[in-house]
Number of protein chains: 2
Amino acid sequence: MRRFTFWLVAVATMAACIALIAPAPGRADGQPSAPYVTVMPHGYRDWRWISSAHEAGNLNSLGAVLGNDTAIKAYREGKFPFPDGTIIAALHYRNVPSDENNNVFGQAQSFVPGLPTNIQFMVKDSKKYSATGGWGFATFVDGKPADAASMKSCFPCHEMAKDTDLVFTHYAP
Amino acid sequence: MRRFTFWLVAVATMAACIALIAPAPGRADGQPSAPYVTVMPHGYRDWRWISSAHEAGNLNSLGAVLGNDTAIKAYREGKFPFPDGTIIAALHYRNVPSDENNNVFGQAQSFVPGLPTNIQFMVKDSKKYSATGGWGFATFVDGKPADAASMKSCFPCHEMAKDTDLVFTHYAP
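Below or above, wherever it landed, is the structure these notes cover. (Residues numbered from 1 in each chain as written. Chains lettered and ligands numbered in written order. Predicted model: local features only at pLDDT ≥ 70, side-chain atom pairs only at ≥ 80, totals over all residues.)

### What about helix α2 (residues 69-77) of chain A?
All names here are of chain A.
Part 1: Among the residues of α2, those classed as buried are A71, I72, A74 and Y75. Seen along its axis, α2 keeps its buried residues to an arc of 165 degrees; they face one direction. Opposite the buried face of α2, at more than 90 degrees from it, the exposed residues are D69 and E77.
Part 2: For α2, the elements touching its buried residues are β1 (48-55), β2 (61-67) and β3 (87-97).
Part 3: In the stretch just after α2, G78 is the one whose phi turns positive, near 70 degrees. (Buried ≥ 20, exposed ≤ 12 C-beta atoms within 10 Å, placed from the backbone. Helix = DSSP H or I, 4+ residues; strand = E, 2+ residues; numbered from the N terminus. Arc of directions from axis to C-beta. Contact = placed C-beta atoms within 7 Å.)

In structure tokens:
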């Protein structure tokens, strides 16, 4: 099965960090903010699994990337660019040790999702989000969307995945 | 949302290791083998996501646990024991660094699923698998079921999760 890419786990914290030093769009730098996603896509927890992801270091994250039917179809057929209507969700949690698993193992080696940290989305709408490669980006923490300033770094990072329509995560067979 | 448990990632290698020192059931120890699952459940790759799991150390595994509709419903409703018809799948891959993600980060911290290692299942059928707590266990490598000897260690490990019907993995919210 062919594999493609989409990567959101790492961008989560990177976006937040960059936001700390970047001027707020539409204010300090005089540029209007590109549109991004501020309404949580419905039903994402029922979507199918694309892949898992673990970020070590300061992020210390463990999560999963899920896709709606349009996303899954495009991944499996290997069609680029992803069609309008594609939505990809990245569910992030703290990467925490599992005491009960480690008790079975007899050593500390098992890690599972702990408390949720954020949920990120990429929503494909080539017209609405034409300023950011046809993708609307989103980060929700406790169900609340991130502000425009912190979202400004999503597109520049994802542009590094031009060959795969700005999507980093591979589809796990 | 309540959380339950089911843990297969670690058991994969543990089962294989124990099999190396355990007598082959139905042969050396004179005991017949308990029935286990030898036919791959259909459609598991379309099931919904329960959680992700990372095993460090020698296992070096990253994967996901998926459930059929019966499993997801039971998890979300918090009903024990899981009803007959429940099937839970654990998809395991090598935990490998992602060069493309790390290039964006500027440091090595991102890990993604690499080559598949095995797929494990727990199939609930309280009559058929009454000898192993109502669960039929399965391990498939390259689509082929494990032999009876290597499956003998599944039930004793899962018995440690008696409070959650022998299931270790928590449902990620």
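Here the narrative resumes, following the displayed structure.
### As for the interface of chain B and chain A
Part 1: In this assembly, 37 residues from chain B lie in contact with 37 residues from chain A.
Part 2: Those elements that provide at least two residues to the side of chain B that touches chain A are β1 (48-55), β2 (61-67), β3 (87-97), α3 (99-105) and β4 (110-124) of chain B.
Part 3: By residue class, the composition of the side of chain B that touches chain A is 21 nonpolar, 12 polar and 4 charged.
Part 4: Here β1(A) runs beside β4(B); their pairing, made up of 2 bridges, is antiparallel. Bridging from a neighbouring strand, A:E55 pairs with B:S110 of β4(B). (Nonpolar A, V, L, I, M, F, W, Y, C, P; charged D, E, K, R; others polar. Pairing = 2+ DSSP bridges.)

### What to know about the relation of the copies chain B and chain A
What relates the pair of chain copies is a rotation about an axis plus a shift along that axis.
Part 1: Overlaying chain B with chain A gives an RMSD of 0.0 Å, the required rotation being 180 degrees about an axis along which the chain moves by 0.0 Å. Interpreted geometrically, this transformation is the action of a two-fold axis.
Part 2: An overlap of 100% is found between the interface residues of chain B and their copies at the interface of chain A, pointing to a shared contact surface. (Least-squares fit on C-alpha atoms with pLDDT ≥ 70 in both.)

Just distances and angles here, no functional claims.
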